[in-house]
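# Topology and contacts: notes
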Amino acid sequence: MSIGRADVFRLYKAILRSHQRNMPGPMSEMADSFVRSEFKDHKGIQDRRLVVNFMEEWFKYLKTIEAQSGAVIGRNLDEDELGVLTDDQAMRMVSLRDSIADAAGALRARAARERDEDH
């Protein structure tokens, strides 16, 4: 499988569009930020095996987001997936999880205030 810059860019844009279609605003913004950071951090990778792995994992992510449209978003990583994360990646995942929890709490609080104002 030959992967060029155009392929990486198409996947990147497809992920960002999927966030817009399938996630509430704050969650989409947070996910976009994470994706931008990951793609930027991996921009200079020369090892073909790592590029293929990177693209495969992000393609799986895109398919997961698309499949969960209108449903609960996300899933827990299994032991194999957790085992291959670097310390930096694991810390980013924890930070992302915490940010999502904070955003979800803020959305629930806002929805509750709006319901209270309507009554």
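Placed above this text is the structure.
So, here is what we can say about the structure in this document. (Residues numbered from 1 in each chain as written. Predicted model: local features only at pLDDT ≥ 70, side-chain atom pairs only at ≥ 80, totals over all residues. Heavy atoms only, no water.)

Let us look at the overall build of the protein. The secondary structure content of the protein amounts to 5 helices and 0 strands. Walking the protein from its N terminus toward its C terminus, one meets helices and strands in the order α-α-α-α-α. Considering only C-alpha atoms, the protein reaches an extent of 60 × 30 × 20 Å along its principal axes. For the protein, the share of sequence-separated contacts (at least 6 apart) that also reach a separation of at least 24 residues comes to 69%. Of the accessible surface of the protein, which amounts to about 8,700 Å², a share of 53% is contributed by carbon and sulfur atoms. Here the protein contributes 19 positively and 21 negatively charged side chains, and the mean placements of these two sets differ by 7 Å. (Helix = DSSP H or I, 4+ residues; strand = E, 2+ residues; numbered from the N terminus. Contact = heavy atoms within 4.5 Å. Areas by Shrake-Rupley, 256 points an atom, 1.4 Å probe, with all protein chains shown as cover. Lys, Arg positive; Asp, Glu negative; His and termini not counted. Charge placed at Lys NZ, Arg CZ, Asp CG, Glu CD.)

Between helix α1 (residues 5-22) and helix α2 (residues 25-41), the least distance of the axes is 9 Å, while the angle of their chain directions is 165 degrees. It follows from the interaxial angle that α1 and α2 lie roughly antiparallel. Here α1 and α2 pass one another in a crossing that is right-handed. Between α1 and α2, the residues in contact are Val8, Leu11, Tyr12, Ile15, Leu16, His19 and Gln20 and Ser28, Ala31, Asp32, Val35, Arg36 and Phe39, respectively. Looking at the contact of α1 with α2, its residues break down into 8 nonpolar, 3 polar and 2 charged. (Axes fitted to C-alpha atoms, helices over the stretch in contact; angles between N-to-C directions. Parallel < 35°, antiparallel > 145°, perpendicular 65-115°, else oblique. Left-handed = near helix turned anticlockwise from the far one by under 90°. Nonpolar A, V, L, I, M, F, W, Y, C, P; charged D, E, K, R; others polar.)

Turning our attention to α2. Compared with the 24 Å implied by 1.5 Å per residue over 17 residues, the 24 Å span of α2 between its first and last C-alpha is a close match. Buried residues of α2: Met27, Ser28, Met30, Ala31, Asp32, Phe34, Val35, Glu38 and Phe39, and no others. At its buried positions, α2 is contacted by α1, α3 (48-67) and α5 (87-118). (Expected span 1.5 Å × (residues − 1). Buried < 20%, exposed > 50% of the residue type's maximum accessible area, 1.4 Å probe, protein only.)

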